[in-house]
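One letter stands for each residue in the lines below.
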Amino acid sequence: MIILNENNIKKSLKDFKNKKPFNFCVIDNFFQTNIAKNLSNCFPKYNSKMWHEYKNKIENKKTCNNWNVFDDLTYNVLYYLNSKNFVELISNKIKINLVSDPGLHGGGWHIHANKGNLNPHLDYSIHPKINLQRRINLIIYLEKNYKSIYGGHLGLWDHDKKNNSPGKLIKEIFPKFNRAVIFDTSQNSWHGMSRSIKLPKNVFRKSLAIYYLCYPKKNHLDNKRALFAPREEQKTSKDVLELIKMRSDEKLFHKAYKKS
């Protein structure tokens, strides 16, 4: 079974480095079309008990990384995306020696419904279980009926070094069906939703997320938890800042929000 459009992936990865605000590339038609459609159909219903829900002022989404509940196709696709062959394909193109995370820590199925949210944030840098550095995110969008007017775009912000926070929004990526985004999480890579989600009934923002690791490089970020940023209208909210503090590496939180 041919899963991927490998030529598209190789071609897009040539454009990975020296991008702004950090290294990334966009790959359209990542999967073979029939594979992408079937993967989309395999997502559980939004109200399924399979999901783990995050619902608060900085995050409103559901996820599942339980291999035991994946259907056969999703299981096989995720198995392949964690395989030596695929990891070597990415490693060779971007010149980073990567390893997979078969535990799918933080990865797997992701889904957002109407009014879903994901504030700008930095991902954890050091894997909390195996102490390797999280280096590359691969996200593939899988909602067949998604339109740009629905919002939910992936935003990439530059880094405000003085305040250790997101600066200017540099890039927005529409979560188009069968579109993948690969980006480097070791470069103060602030990302999240740059537009609010307004979805019609029975349409969801679906994605697969797979994260790749490496042996820690010198002077790497060392946070074992994500650091979220408040949106502009949240910057004076004590509740939001307290939630971010609770969710974050406290050292990074105090560096970013000590003035609050």
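Look up: the structure comes first, before these words.
All of these numbers come straight from a predicted model, not from anything done at the bench.

Scoring rules and cut-offs
Residues numbered from 1 in each chain as written. Predicted model: local features only at pLDDT ≥ 70, side-chain atom pairs only at ≥ 80, totals over all residues. Heavy atoms only, no water. Axes fitted to C-alpha atoms, helices over the stretch in contact; angles between N-to-C directions. Helix = DSSP H or I, 4+ residues; strand = E, 2+ residues; numbered from the N terminus. Parallel < 35°, antiparallel > 145°, perpendicular 65-115°, else oblique. Left-handed = near helix turned anticlockwise from the far one by under 90°. Contact = heavy atoms within 4.5 Å. Salt bridge = Lys/Arg side-chain N within 4 Å of Asp/Glu carboxyl O. Buried < 20%, exposed > 50% of the residue type's maximum accessible area, 1.4 Å probe, protein only. Arc of directions from axis to C-beta. Polar contact = N/O pair within 3.5 Å; in protein donor to acceptor, adjacent residues only side chain to side chain. Pairing = 2+ DSSP bridges. Disulfide = S-S within 2.5 Å. Nonpolar A, V, L, I, M, F, W, Y, C, P; charged D, E, K, R; others polar.

Caption draft 1: Structural context of the packing of helix H1 (residues 6–13) against helix H4 (residues 84–94). At a minimum axis distance of 9 Å, the contact between H1 and H4 shows a crossing angle of 30°. With respect to H4, the axis of H1 lies roughly parallel. As for how H1 packs across H4, the hand of that crossing is right-handed. Across from Glu6, Ile9, Lys10 and Leu13 in H1, the residues of H4 making contact are Phe86, Leu89, Ile90, Lys93 and Ile94.

Caption draft 2: Main features of the pattern of salt bridges. Within the structure shown, the criterion is met by 10 salt bridges. Across the pair Lys57 and Asp239 runs a salt bridge whose closest N-O atoms are separated by 3.9 Å. Residue Lys57 is located in the loop between strand E2 (52–55) and strand E3 (59–64), and its partner Asp239 is located in helix H5 (residues 238–247); the two are separated by 182 residues in the primary sequence. Among the residues examined, Lys57 registers a relative accessible area of 47% and is labelled partly exposed.

Caption draft 3: The arrangement of helix H3 (residues 72–81) in detail. Every buried residue of H3 is listed here: Leu73, Thr74, Val77, Leu78 and Leu81. Projection of H3 onto a plane perpendicular to its axis shows the buried side chains occupying an angular sector of 125°, all on one side. Exposed residues lying more than 90 degrees from the buried face of H3 are Asp72 and Tyr79. Next to the buried residues of H3 lie helix H2 (33–42), H4, strand E5 (108–112), strand E8 (133–141) and strand E13 (205–214). Put simply, Asp71 is the residue that caps the front of H3, since its side-chain oxygen is 3.1 Å from the backbone nitrogen of Leu73.

Caption draft 4: Molecular detail of the pairing of strand E10 (residues 165–173). Sheet analysis places strand E9 (residues 154–160) next to E10, joined by 6 bridges and oriented antiparallel. Considered in E10, the bridge of Asp160 is made with Ser165. Between E9 and E10, which pair antiparallel one after the other, the connecting turn spans 4 residues, and Asn164 there sits at a positive phi close to 50°.

Caption draft 5: Quick look at the side chain of Ser91. In this structure, Ser91 sits in helix H4. Looking at Ser91, the relative accessible area reads 8%, which means it is buried. For Ser91, the side chain forms a polar contact with the main-chain oxygen of Val87, separated by 2.8 Å. Within polar-contact distance, the side chain of Ser91 engages the backbone oxygen of Ile96 at 3.1 Å. Once residues lying within four places of it in the same chain are set aside, the contact partners of Ser91 are Ile96, Asn97 and Leu98.

Caption draft 6: Local environment of the state of the cysteines. Throughout the structure, instances matching the rule amount to 0 disulfides. In this structure Cys25 is a free cysteine whose sulfur lies 17 Å from that of Cys214, the closest cysteine sulfur available. Owing to a relative accessible area of 1%, Cys25 belongs among the buried residues under this scheme. Just so you know, Cys64 is unpaired, no disulfide at all, and the nearest cysteine sulfur is the one on Cys42, 13 Å from it.

Caption draft 7: Focus on the environment of Glu242. Tracing the sequence through the fold places Glu242 in helix H5. Glu242 gets classed as partly exposed once you look at its relative accessible area, which sits at 48%. Taking the C-alpha atoms as reference, Glu242 lies 26 Å from Trp51; in sequence the two are 191 residues apart.

Caption draft 8: Here's a closer look at the packing of H2 against H3. One way to put it is that H2 packs onto H3 with a least axis distance of 9 Å and a crossing angle of 120°. In terms of their interaxial angle, H2 and H3 are classed as oblique. In this structure, the crossing between H2 and H3 has a hand that is left-handed. Residues Ile35, Asn38, Leu39 and Cys42 of H2 form the contact with H3, whose participating residues are Leu73, Thr74 and Val77. Across the contact of H2 with H3, the residue classes tally to 5 nonpolar, 2 polar and no charged.

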